[in-house]
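# Breakdown of the fold
So you can see what is in the structure, the chains are spelled out below.
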Amino acid sequence: MRLTLVLGAQFGDEGKGKVVDFLAANADVVVRFNGGNNAGHTVVVGDKTYKFHLVPSGAVRGKVCCLASGMAINPSVLVEEIEMLKRAGKRFKLLIDPRAQIIMPYHILLDGAKEKSARKKIGTTKRGIGPCYADRAFRSGIRFCEFIEPKIFKERLRAALPFKRRELASYGIRCPSEKKILKEFLPLARKLKSYEADVSLFIQKALKQKKRILLEGAQGFFLDNDFGTYPYVTSSHPITGGALIGIGIPPGSLERIIGVAKAYCTRVGSGPFVTELKGKLANFIREKGMEYGTTTGRPRRVGWLDLVMLRTASRICGFTELAITKLDVLSGLRKLKVCYAYKHCGKEHREVPANTFEVEKCRPVYREFKGFKLPEKIKSIKDLPKEARIYLRFIEKQVKVPIKIISYGPERKQTIFNR
Ligand code: GDP
Ligand code: IMO
Ligand code: MG
């Protein structure tokens, strides 16, 4: 029972990388279990900034890093990331589960082509995530264990290519040849082969040895393929159930489930955003919070904190605690708003409706709060201004989950535990 799961409770980019790095001080192993390089997790230590797309953020502290079976791995991005970390002097053990899916060049082309031709765009990261997971479900994906065995890889590729050629041709795009793909992928496979290990087995053995394990979710609850604002979602499951299936662990092994949320809310890509702000206030928060995508550089949409979302995420994920990030970004604002219910057709909603078209029509019901100004140094919750404590208390009361971690700046040390 020494597993701590860290999940995004909003639309991604909540500061999961920072929270994982903070908690990794007391962990032995850090595991990514969903998504691929659509994720961008930032860790800031002193004057150094690390941006992770595939390797778990625990690499900064030299922890054992695992890429579990639920992931979609782009091998060239992974090799680059490993080399970047080596150049930065980071030493860590890396394990890649044989079941993880491989993102192929045609997945990336299909992702881009689909987005380009769609009337209603999802606003994907164009990293091939959707087409890769679609192939997994269709049983034509290529797994890590196949990718690292040249003979099997060739066979799998040969079986997939005729279909991919046809699919891409329907968008007027030529599929890269078998020869070209092999030329790029065989050397990558040679570089990655030694990292193969059954992560599910490794984690369960590590648990028996009383090792402390951190599970690093990518994306956020409302990007979940089932429970998010479908179809404006990703193709994996960034929720508690996704961690179990994305690693291969029984439910009883989870000890803490931490939902990470910003003190406000952001979203990149399309889809409903009930508390979205426009104009001067939105620009102020975007600039102060540096709300630009870690992966794509796109400006993030911003809005007030939405507790209807956190309530739903917490109910389905079973959060045992919350981590609230970016409190500093709200510092200095005269008034703050928090949405605690939605209104639609005279009905009040306390949870996010399942039907995305209904969510699009919901209007936020706000509680207004007095603003606060944070002091430079914050060592404990007591150092926060009274108004900030009232704001946080309201979140706890509405979501019915205690806030255990508060982050007030991008740096590792700008974090407090609320015991
Ligand atoms: P992730 O995908 O959830 O790991 O989040 P990202 O790294 O994509 O985005 C979060 C951004 O906010 C990064 O640039 C972090 O360095 C930064 N950040 C994290 N926590 C805080 C905080 O408390 N205050 C401020 N100002 N920035 C933060
Ligand atoms: P981290 O782990 C924020 C969004 C995309 C798009 C939708 C589908 O850094 O929090 P995809 O490329 O996955 O098919 O895109 O999901 N998205 C993210 N938004 N943070 C992320 O990851 C995201 N990963 C995907 O913008 O709306
Ligand atoms: Mg991110």
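Cut-off values and rules
- Residues numbered from 1 in each chain as written.
- Chains lettered and ligands numbered in written order.
- Predicted model: local features only at pLDDT ≥ 70, side-chain atom pairs only at ≥ 80, totals over all residues.
- Heavy atoms only, no water.
- Core = buried A, V, L, I, M, F, W, Y, C linked by side-chain atoms within 4.5 Å.
- Buried < 20%, exposed > 50% of the residue type's maximum accessible area, 1.4 Å probe, protein only.
- Contact = heavy atoms within 4.5 Å.
- Near = heavy atom within 4 Å.
- Polar contact = N/O pair within 3.5 Å; in protein donor to acceptor, adjacent residues only side chain to side chain.
- Areas by Shrake-Rupley, 256 points an atom, 1.4 Å probe, with all protein chains shown as cover.
- Nonpolar A, V, L, I, M, F, W, Y, C, P; charged D, E, K, R; others polar.
- Domains from an automatic or database assignment.
- Pairing = 2+ DSSP bridges.
- Helix = DSSP H or I, 4+ residues; strand = E, 2+ residues; numbered from the N terminus.
- Axes fitted to C-alpha atoms, helices over the stretch in contact; angles between N-to-C directions.
- Phe/Tyr/Trp six-rings, centres within 6.5 Å; stacked < 30°, edge-to-face > 60°.
- Donors = N, O, S within 2.8 Å, 3.2 Å for Na, K, Ca; no water.
- Buried area = accessible area lost by both parts, 1.4 Å probe.
- Salt bridge = Lys/Arg side-chain N within 4 Å of Asp/Glu carboxyl O.

Our next topic: the nonpolar core. Membership of the largest hydrophobic core comes to 78 residues, with the highest contact counts inside it found for Val-31, Ile-203, Leu-215, Tyr-391 and Ile-395. Beyond its immediate sequence surroundings of up to four residues, Val-31 is in contact with Pro-56, Cys-66, Ala-68, Val-199, Ile-203, Ile-213, Leu-214, Leu-215, Glu-216 and Ile-247. Grouped together as the second largest cluster of nonpolar side chains are 42 residues, Leu-85, Phe-144, Leu-188 and Leu-192 included.

On to the site of ligand 2. Among the 20 residues in the neighbourhood of ligand 2, the closest are listed as Asp-13, Lys-16, His-41, Thr-125 and Thr-234. One of the side-chain N or O atoms of Lys-16 is found 2.6 Å from an oxygen atom in ligand 2. Within the side chain of Thr-125, one N or O atom sits 2.5 Å away from an oxygen atom of ligand 2. Relative to its unbound accessible surface of 550 Å², ligand 2 loses 98% to contact with the protein. Class assignment of the residues belonging to the shell around ligand 2 gives a composition of seven nonpolar, ten polar and three charged. Residue contributions to the shell around ligand 2 reach at least three from each of two domains, namely domain 1 (3–88 + 199–417) and domain 2 (101–194).

Pairing is mixed in the open sheet, where nine strands are placed in the order β7-β5-β2-β9-β1-β10-β14-β18-β19. Each edge of the open sheet is held by one strand with a lone partner, namely β7 (94–96) and β19 (415–417). Strand-to-strand twist across the sheet, computed as the mean angle between neighbouring axes with direction ignored, equals 20°. Bridge count for strand β14 (residues 321–325) against strand β18 (residues 403–407) is three bridges, and the pairing is parallel. Bridging across to β18, Ile-324 finds its partner in Ile-406. Against the sheet, helix α1 (residues 16–23) engages β1 (3–8), β2 (29–32), β9 (213–216), β10 (254–262), β14, β18 and β19, with an angle of about 160° to β1.

Right, let's talk about the packing of aromatic side chains for a bit. All told, the structure shown has twelve aromatic pairs when counted by the stated rule. With centroids separated by 6.1 Å and ring planes inclined at 15°, the aromatic side chains of Phe-153 and Phe-185 adopt a geometry described as stacked. One end of the pair, Phe-153, is in helix α6 (residues 150–169); the other, Phe-185, is in helix α7 (residues 178–192), with 32 residues separating them in the sequence. Each member of the pair, Phe-153 together with Phe-185, is buried. Relative to Tyr-391, the ring of Phe-369 lies with its centre 5.7 Å away and its plane at 80°, an arrangement referred to as edge-to-face. On the criterion of sequence distance, the pair formed by Phe-369 in strand β17 (residues 363–370) and Tyr-391 in helix α14 (residues 386–399) is long-range, its members being 22 residues apart.

Here Gly-123 lies in the loop between α3 (105–117) and α4 (129–138). Sequence spacing of Gly-123 and Ile-416 is 293 residues, and the spatial spacing of their C-alpha atoms is 35 Å.

What follows deals with the coordination of the magnesium ion (ligand 3). Protein coordination at the magnesium ion (ligand 3): the donors are Asp-13 (OD) and Gly-40 (O), at 2.0 to 2.2 Å from the metal. Taken together, the residues Asp-13 in the loop between β1 and α1 and Gly-40 in the loop between β2 and β3 (41–45) connect sequence positions 27 residues apart. Overall, the relative accessible area of 10% leaves Gly-40 in the buried class.

A separate point is the domain arrangement of the protein. One frequent convention defines the size of an interface as the accessible area lost when the parts assemble. Segmentation of the protein into domains returns domain 1 (3–88 + 199–417) and domain 2 (101–194). Distance between the C-alpha centres of domain 1 and domain 2: 29 Å. If you look at the interface, domain 1 gives 29 residues, while domain 2 gives 22 residues. When domain 1 packs against domain 2, the two sides together hide about 1900 Å² of surface, and 59% of this comes from carbon and sulfur. Applying the counting rule to domain 1 against domain 2 returns one salt bridge. Counting the contacts that link domain 1 with domain 2 gives ten residue pairs in polar contact (both at pLDDT 80 or more). Elements with a minimum of two residues in the side of domain 1 that touches domain 2: β6 (72–73) and α2 (75–87). Looking at which element gives the most residues to the side of domain 1 that touches domain 2, the answer is α2, with six residues. Here the side of domain 1 that touches domain 2 is built from residues that sort into eleven nonpolar, 16 polar and two charged.

Inspection of the secondary structure puts Asn-418 in the segment after β19. Residues Asn-418 and Val-44, spaced 374 residues apart in sequence, show a C-alpha to C-alpha distance of 21 Å. In contact with Asn-418, other than residues within four places in its own chain, are Ile-381, Glu-396, Ile-403, Lys-404 and Ile-406. Of the polar contacts made by the side chain of Asn-418, one reaches the backbone oxygen of Ile-403; its length is 2.9 Å.

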